Amino acid sequence: MSERTLVLIKPDAVRRGLVGEILGRFERKGLTLAAMVLRTMDGELADRHYDEHVDKSFYPPLKQFMTGGPLVAVVLCGDDAVAVVRALTGSTDGRKAAAGTVRGDLSLSNRENLVHASDSPESAERELKIWFPDLA
Ligand code: CMP
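Residues numbered from 1 in each chain as written. Predicted model: local features only at pLDDT ≥ 70, side-chain atom pairs only at ≥ 80, totals over all residues. Heavy atoms only, no water.

Student: Help me understand the overall build of the chain, please; the structure alone is not making it clear to me.
Tutor: A tally of helices and strands in the chain yields 7 helices and 4 strands. For the chain, the N- to C-terminal ordering of α and β elements is β-α-α-β-α-α-β-α-α-β-α. For 136 residues, the compact-globule estimate of 2.2 N^0.38 gives 14 Å, and the C-alpha radius of gyration of the chain, at 14 Å, lies within 12% of that figure. Along the longest, intermediate and shortest principal axes, the C-alpha atoms of the chain span 35 × 35 × 25 Å. (Helix = DSSP H or I, 4+ residues; strand = E, 2+ residues; numbered from the N terminus. Rg over C-alpha atoms; globule rule 2.2 N^0.38 Å.)

So this is what it looks like as C-alpha cells:
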C-alpha cells in the first residue's frame, strides 16, 4: 500500500556533506520525493516534533543538536514507505545499527545518528502536518 513518511536528514548529515548519499539510498530503493526543504529548527518546533521525548533525560542535548544547524526535511512516498524507510535507516544507536543501513554504515553515535524517520503511519501523519502543513 502506498504511504507517505517524513524523514529529517539531521544537522550532522548536512554538516558532513552526506545529504546526497542518504537521499540517494532512499531514491535507489524506489521511494519517490514528494516534498523537500532545508530548514533550521527552532526550540518550539523541536518540542512539537519530539513531543514524546521532551521529558526524557536525553532531550536537552538532543534539542541543542537538532536546533544547532540546518537539516533537510523530506517527504518520501512508496509501498509501505514507513517500514521500508525505517529498515533502511537502521536502529537508533549508530554503533549498534546493522551494516548496510544508513546509521550502521555512517554513524557512530546514539544522538548524532544522521536521520529521523517516522516510526508508524500515525506518527508520519502527525509529523507531516508539523513540517508540511500545506501538503495535500
Ligand atoms: P530519532 O529517530 O530522531 O528519535 C529520537 C532521537 O533521540 C533519536 O533519533 C536520537 O537522535 C536521540 N536519542 C534517542 N535515544 C537516545 C539516547 N539514549 N541518548 C541520546 N540520544 C538519544
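Here the narrative resumes, following the displayed structure.
Student: Please explain the pairing of strand β3 (residues 71-79) as it appears in this structure.
Tutor: Every other side chain in a regular strand lies on the same face of the sheet, so the side chains alternate between the two faces. Of all the 9 residues making up β3, 8 are buried; the element is thus mostly covered by neighbouring parts of the structure. Taken together, the 8 bridges between strand β1 (residues 2-9) and β3 define a ladder with antiparallel strand orientation. Directly across from Ile9, in β3, lies its bridge partner Val72. Examined bridge by bridge, strand β2 (residues 32-39) and β3 share 7 bridges and lie antiparallel to one another. From the neighbouring strand, Leu38 faces β3, where its bridge partner is Val72. (Buried < 20%, exposed > 50% of the residue type's maximum accessible area, 1.4 Å probe, protein only. Pairing = 2+ DSSP bridges.)

Student: So what exactly am I meant to see when it comes to the site of the ligand here?
Tutor: Lining the immediate surroundings of the ligand are Lys10, Tyr50, His53, Phe58, Leu62, Thr92, Arg103, Asn110, Arg111, Asn113 and His116. Asn110 places a side-chain nitrogen or oxygen 3.1 Å from a nitrogen atom of the ligand. The separation between an oxygen atom of the ligand and a polar main-chain atom of Arg111 is 2.9 Å. Look at the ligand: alone it shows 450 Å² of surface, and the protein chains cover 80% of it. Class assignment of the residues belonging to the shell around the ligand gives a composition of 3 nonpolar, 5 polar and 3 charged. (Near = heavy atom within 4 Å. Polar contact = N/O pair within 3.5 Å; in protein donor to acceptor, adjacent residues only side chain to side chain. Areas by Shrake-Rupley, 256 points an atom, 1.4 Å probe, with all protein chains shown as cover. Nonpolar A, V, L, I, M, F, W, Y, C, P; charged D, E, K, R; others polar.)

Student: Please clarify how the packing of helix α2 (residues 19-29) against helix α5 (residues 81-89) should be interpreted in this entry.
Tutor: Axis separation between α2 and α5 bottoms out at 11 Å; the angle between their running directions is 135 degrees. The angle between α2 and α5 falls in the class oblique. α2 and α5 meet at a crossing whose hand is right-handed. Residues Arg25, Phe26 and Lys29 of α2 form the contact with α5, whose own contacting residues are Val84, Val85, Leu88 and Thr89. In terms of residue class, the contact of α2 with α5 is built from 4 nonpolar, 1 polar and 2 charged. (Axes fitted to C-alpha atoms, helices over the stretch in contact; angles between N-to-C directions. Parallel < 35°, antiparallel > 145°, perpendicular 65-115°, else oblique. Left-handed = near helix turned anticlockwise from the far one by under 90°. Contact = heavy atoms within 4.5 Å.)

Student: Honestly, the sheet that holds β1 in this entry has me stumped. Any pointers?
Tutor: Within a sheet, each strand pairs with its neighbour through backbone hydrogen bonds, oriented either parallel or antiparallel. A sheet is described by the order of its strands in space; here 4 strands give the open sequence β2-β3-β1-β4, paired in antiparallel fashion. If you trace the sheet from one side to the other, it starts and ends with β2 and β4 (115-117), each paired once. Averaged over neighbouring strand pairs, the angle between their axes works out to 20 degrees when direction is ignored. Here β1 pairs with β4 via 3 bridges, running antiparallel. Looking across to β4, one finds that Leu8 is bridged to His116. Lying over the sheet, helix α7 (residues 121-131) contacts β1, β2, β3 and β4, oriented at roughly 60 degrees with respect to β1.

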